[in-house]
Amino acid sequence: EVQLVESGGGLVQPGGSLRLSCAASGFTFSSYGMSWVRQAPGKGLEWVSAISTGGGSTTYADSVKGRFTISRDNAKNTLYLQMNSLKPEDTAVYYCAGYNRPPVTLASRYEYDYWGQGTQVTVSS
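Residues numbered from 1 in each chain as written. Predicted model: local features only at pLDDT ≥ 70, side-chain atom pairs only at ≥ 80, totals over all residues. Heavy atoms only, no water.

A short note on the overall build of the protein
Rules: Secondary structure counts use DSSP, requiring at least four H or I residues in a row for a helix and at least two E residues in a row for a strand, with both numbered from the N terminus. We compute the radius of gyration from the C-alpha atoms alone; for a globule the expected value is 2.2 Å times N to the 0.38, where N is the number of residues.
Per the secondary structure count, the protein includes zero helices and eleven strands. Starting at the N terminus, the α and β elements of the protein follow one another as β-β-β-β-β-β-β-β-β-β-β. A globule of 125 residues ought to have a C-alpha radius of gyration of about 14 Å, and the protein, at 13 Å, matches this closely. Principal-axis analysis of the C-alpha atoms places the extent of the protein at approximately 40 × 25 × 25 Å.

Observations concerning the sheet that holds strand 3 (residues 18-25)
Test applied: Pairing between two strands is assigned when DSSP locates at least 2 bridges connecting them. As a rule, the C-alpha atoms of each element are fitted with a line to give its axis, helices using only the stretch in contact, and angles between N-to-C directions run from 0 to 180 degrees.
Taken in spatial order, the four strands of this open sheet run 1-3-8-7, and their pairing is antiparallel. Here the strands that pair on one side only, and so sit at the sheet edges, are strand 1 (3-7) and strand 7 (68-73). Put simply, the sheet's adjacent strands are angled 15° from each other on average, direction ignored. As paired elements, strand 1 and strand 3 share five bridges and run antiparallel to each other. Residue pairing for strand 3: Ser 7 is matched across the bridge by Ser 21.

Written out as structure tokens, the structure reads:
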């Protein structure tokens with residue numbers, strides 16, 4: 001059974017940091033590109049970041065560039081998202097997603113082969 005299990009979310013004050021993790025199982029993690037996608041309350045999906053199979057190539061949405069860092073440990077089958085300088089507008093459910101072929105529409109759930117259940121991040125004072 002394929003599973004992507006996110007963890008590390010929670011309540012943090014503006015300017016704070018969180019590190020999200022996504023534990024993968026049931027498929028060959030190292031063969032899949034991975035993304036983080038988020039959904040704020042009452043809004044649609046927003047692509048956040050992506051990383052190549054080996055981790056050598058990363059991309060970011062302009063809204064998080066310079067504040068978030070995506071990484072992966074293929075030996076541990078785990079994806080990470082280090083989030084610094086958090087803002088209230090970063091409040092959302094964060095999902096990790098895996099793709100065999102690079103998505104054409106980055107924020108479409110249907111473009112991904114695997115999708116996690118999400119972890120809530122709330123940035124508030």
